[in-house]
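So you can see what is in the structure, the chains are spelled out below.
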Amino acid sequence: MPATSYASRPWLAHYPPHVDRDLTVPAVTLDRILADTARAKPAKAALRLGPSSLTFEELHGAVQSFAAGLRTLGLTPGERVAVMLPNLPQYVISYYGTLLARAVVAQVNPLYVERELSHLLSDSGAQTLVLLDAFVPRALAVASETPLRRLVVVPTPGAPQEASPAGSESAGPSAGGLERLTFDELLTRGRGALAEGRVELGGASPDDVAVLQYTGGTTGTSKGAMLTHRNLVANVHQLATWVENFYDEGETMLAALPLFHSYGMTVCMNYAIFRGSTSILVPRFEPAQVLELIRAFRPTSFPGVPTMYIALNALPDVRPEDLASLRVCNSGGAAMPVEVMRQFEARTGATIIEGYGLSETSPVTHCNPTVGLRKPGSIGIPVPLTEARVVDVETGEREVPVGEVGEICVRGPQVMKGYWNQPEETEKALRDGWLYTGDIGRMDEDGYFYVTDRKKDMINAGGFNVYPRDVEEVLFQHPAVQEAAVVGVPDPYRGETVKAYVVPKAGASVSEAELDAHCRRLLAAYKVPRIYEFRAELPKSMVGKVLRRVLLEEEKAR
């Protein structure tokens, strides 16, 4: 073992002076964060959606009404409430209202098809589903095979009320035997119950489960990570001290990441509420529309994923002043290509802070420092109260030497309680207090970590291990390439071979021969793609992560 080891925590030497490495996390529930901010900054705008806004006082009042409304429906402590909404004020109200009612939020991806929705509702046991009116048919289709008993329906913003499938329906039995009421009706019931003193709110413990954060299901059946109030509050405080030097009273957050995703939940919502920052809600990421929002509202912070930065880089006719308000941009969710980072920073003058996390860790565990040594291409160093190490892939029991590749493990107050109703999966993931992430990477002598790939994405080409990110980084360096994804496909001789999917930049053209020559200059021969496929776009999750699983399924279908 080299002199530099994981136990010596070399990353501590690179903590910026403003970071509180001995951070104390208060033993409070997450809903307390909103209550405290509403008292401190009642008149400040908490949420903006287009021309409309909601102050922190108004948001807190709506949250109390929602929580009370749930109680009038007979909701019991610990019961799960599924929320299936895009980035709307009603999402934030439902999330915090569920917590204030001592219930558990089960996060639902609005893109889920009936099969996926049925699994989540059955697995979580949720009897209440808060959803957009357009999603009602999906819920009705699976109601009979799930515990679902009631729908709380949110009208599509801007749509005529009479056009909403459930917009004018009152509470009571309806199609499929479900009780059905509108979001506003639930708030009205809650306000009445509060006025009459018929309900009591709050009372949860910091160690109670607050959120079931379902994993993306890219490597199998989606699992619900049990995140406690303590987990989520800790991660907010860890993030807050990390970016303290970028914070000021005028901070405005562009909330383009889906709030149902752990990254958006913590960085765009919980952190912003803790800081008293204004969140500009973006229900759907459309590059041209996002550019107009930046021009109009001048946000100072923009958490995103690499595909969002790629899309903004590709926009034509963007003036330097259009994006000049941006000061700090977090990147996570997927590996950030170094070339993409450099282009965006040159165009905006903003600083991109690449970090790392998982649904199971609330999610942030690592981040590049905001000042001092920042290493493009790395995920940075563990945030306060967090430890990390790299172990051998085969047994997971041996710490590998610094610089050697293995599986990244983490532990800290943000690590989940376990997987909902899956003790065997929990036992595999959590061992002696360490979370085994399933991500392959290494730590350098300075304590900076690098993610090479997902354990299950590794390609075995003729006995050689090929990590897709290595190849993708090289493809991104070609001037004609906008996006690239690499997977392993069956090969009769090598077992697996490397295939690259490439999206050329608008107006650019590139051939297989040109890409092959480019890769051979920069990669070992066994890593060079043997097959190229050119596409107009790549399949992505709602958060913008390229779905290699979909590409592999297409290959199998062929």
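Residues numbered from 1 in each chain as written. Predicted model: local features only at pLDDT ≥ 70, side-chain atom pairs only at ≥ 80, totals over all residues. Heavy atoms only, no water.

J.: Please give an account of empty space enclosed by the protein that cites residues and values.
T.: One pass over the structure, following the stated rule, counts 1 cavity of 30 Å³ or more. Taken as a whole, the largest cavity encloses approximately 70 Å³ of empty space. Mapped by element, the contributors of at least two residues to the lining of the largest cavity are α8 (262–275) and β12 (328–331). For the lining of the largest cavity, a count of residues per class yields 7 nonpolar, 2 polar and 1 charged. (1 Å grid on protein atoms, 1.4 Å probe; cavity = no way out; pocket = protein on both sides within 12 Å on 5 of 7 lines; lining within 4 Å. Points joined across faces, edges and corners; volume = space filled by probe spheres on them. Helix = DSSP H or I, 4+ residues; strand = E, 2+ residues; numbered from the N terminus. Nonpolar A, V, L, I, M, F, W, Y, C, P; charged D, E, K, R; others polar.)

J.: Now, about the nonpolar core: what can you tell me, with residues and values included?
T.: One finds Y95 and F302 to be the most contacted residues of the largest nonpolar core, which totals 147 residues. If one sorts the elements of this core by residue count, α8 sits on top with 8 residues. If we skip the residues at most four places from it in the chain, F302 touches L254, A256, F285, M308, Y309, L312, L326, V328, C329, N330 and F344. (Core = buried A, V, L, I, M, F, W, Y, C linked by side-chain atoms within 4.5 Å. Buried < 20%, exposed > 50% of the residue type's maximum accessible area, 1.4 Å probe, protein only. Contact = heavy atoms within 4.5 Å.)

J.: I'd like a rundown of the pairing of β12, residues and numbers included.
T.: In β12, alternate side chains face the same way, and those of V328 and N330 on one face and C329 and S331 on the other are all buried. Both β12 and strand β13 (residues 351–357) contribute to a ladder of 4 bridges, which runs parallel. Within β13, the position partnered with C329 by the bridge is I352. In terms of handedness, the path from β12 via helix α11 (residues 338–348) over to β13 forms a crossover that is right-handed. (Pairing = 2+ DSSP bridges. Right-handed = clockwise from strand over helix to strand, strands pointing away.)

J.: Describe the pairing of strand β26 (residues 531–534), and please don't skip the residues or the numbers.
T.: With 4 bridges joining them, strand β25 (residues 495–504) and β26 adopt parallel strand pairing. Bridge pairing links A500 to Y532 in β26. The parallel pair β25 and β26 is bridged by helix α14 (residues 512–522), and the resulting crossover is right-handed.

J.: Could you give an account of helix α2 (residues 56–72), naming the residues involved and the relevant values?
T.: An ideal rise of 1.5 Å per residue puts 24 Å on 17 residues; α2 measures up with 24 Å between its terminal C-alpha atoms. By the criterion of burial, α2 is predominantly enclosed, with 12 of the 17 residues buried. When α2 is considered as a whole, its buried residues turn out to be F56, L59, H60, A62, V63, S65, F66, A67, A68, G69, L70 and R71. Backbone geometry just downstream of α2 places G74 in the positive-phi region, at approximately 90°. (Expected span 1.5 Å × (residues − 1).)

J.: Which residues make up the sheet that holds strand β5 (residues 128–132), and what values go with them?
T.: Strand pairing in a sheet relies on backbone hydrogen bonds. The paired strands run either parallel or antiparallel. With mixed pairing, 8 strands are arranged side by side in an open sheet as β7-β6-β5-β3-β4-β8-β9-β18. Here the strands that pair on one side only, and so sit at the sheet edges, are β7 (179–182) and β18 (418–419). Sheet topology places strand β3 (residues 80–84) next to strand β4 (residues 104–107); 4 bridges connect them, and they run parallel. The partner of V81 across the bridge, within β4, is V105. The strands that helix α3 (residues 89–100) touches are β3, β4, β5, β6 (150–154) and β8 (209–214); relative to β4, the one it contacts most, it runs at about 140°. The sheet strands contacting helix α6 (residues 183–195) are β5, β6 and β7, and the helix crosses β7 at an angle near 85°. (Axes fitted to C-alpha atoms, helices over the stretch in contact; angles between N-to-C directions.)

J.: If you had to explain the side chain of H229 to someone new, which residues and values would you point to?
T.: Inspection of the secondary structure assignment puts H229 in helix α7 (residues 229–242). Under the relative-accessibility criterion, H229 is labelled buried at 1%. A polar contact is formed between the side chain of H229 and the backbone nitrogen of L30, at a distance of 3.0 Å. In this structure H229 touches V28, T29, L30, D31, L99, A204, S205, P206, D208 and A210, once residues within four positions along its chain are discounted. (Polar contact = N/O pair within 3.5 Å; in protein donor to acceptor, adjacent residues only side chain to side chain.)

J.: A description of the sheet that holds β13 should follow, citing residues and the corresponding values.
T.: Judged by pairing direction, the sheet is mixed, and its 4 strands sit side by side in the order β12-β13-β14-β15 without closing on themselves. Two strands close off the open sheet at either side, each with one partner strand: β12 and β15 (381–382).

J.: Before we move on, can you summarise the layout of surface pockets with the specific residues and values?
T.: By volume, the second largest pocket is sized at about 770 Å³. What lines the second largest pocket is a set of 29 residues, among which R284, F285, K540, S541 and M542 lie closest to the centre. When residues of the lining of the second largest pocket are traced back to their parent elements, those giving at least two are α10 (306–314) and β24 (481–491). Counting residues per element, the lining of the second largest pocket draws most heavily on α10, at 4 residues. Across the lining of the second largest pocket, the residue classes break down as 19 nonpolar, 5 polar and 5 charged.

J.: Mind laying out the packing of α7 against α8, listing which residues take part and the relevant values?
T.: At a minimum axis distance of 10 Å, the contact between α7 and α8 shows a crossing angle of 80°. It follows that α7 is roughly perpendicular to α8 by the angle criterion. Only M265, T266, V267, N270, Y271, F274 and R275 of α8 make contact with α7, whose side of the interface consists of L232, N235, V236, H237, L239 and A240. Residues that form the contact of α7 with α8 fall into these classes: 8 nonpolar, 4 polar and 1 charged. (Parallel < 35°, antiparallel > 145°, perpendicular 65-115°, else oblique.)

J.: Now, about the environment of A210: what can you tell me, with residues and values included?
T.: Within the secondary structure layout, A210 lies in strand β8. Residue class for A210 comes out buried when judged on its relative accessible area of 0%. Along the sequence, A210 and Y95 sit 115 residues apart, while their C-alpha atoms lie 9.6 Å from each other. In contact with A210, not counting residues within four places along its chain, are L99, A103, V104, V105, L227, T228, H229 and L232.

J.: Give a description of the packing of aromatic side chains that names residues and reports values.
T.: The full count for this structure, using the stated rule, is 7 aromatic pairs. Ring plane angle 55° and centroid distance 6.0 Å describe the contact between W11 and F449, whose orientation is recorded as tilted. Here F449 lies in strand β21 (residues 449–454) and W11 lies in the segment before α1 (30–40), a separation of 438 residues in the sequence. Grouping residues by exposure puts W11 and F449 together as buried. An aromatic cluster of three or more residues is present, and its members are Y91, Y95 and Y96. The ring of Y247 carries the charged tip of R275 above its face, separated from the ring centre by 4.3 Å. Over the ring of Y448 we find K375, and its NZ or CZ is 4.8 Å from the ring centre. (Phe/Tyr/Trp six-rings, centres within 6.5 Å; stacked < 30°, edge-to-face > 60°. Lys NZ or Arg CZ within 6 Å of the ring centre and 35° of its normal.)

J.: Residues and numbers for the pattern of salt bridges, please.
T.: Within the structure shown, the criterion is met by 32 salt bridges. A salt bridge links E473 to R469; the nearest nitrogen and oxygen atoms lie 3.2 Å apart. In this pair, E473 and R469 are both assigned in helix α13 (residues 468–476), 4 residues apart and thus about one turn of the helix distant. For the pair shown, E473 and R469 are each scored as buried. Each of the salt bridges in this network shares a partner with another, and the network as a whole consists of K499, E533, R535, E554, E555 and R558. (Salt bridge = Lys/Arg side-chain N within 4 Å of Asp/Glu carboxyl O.)

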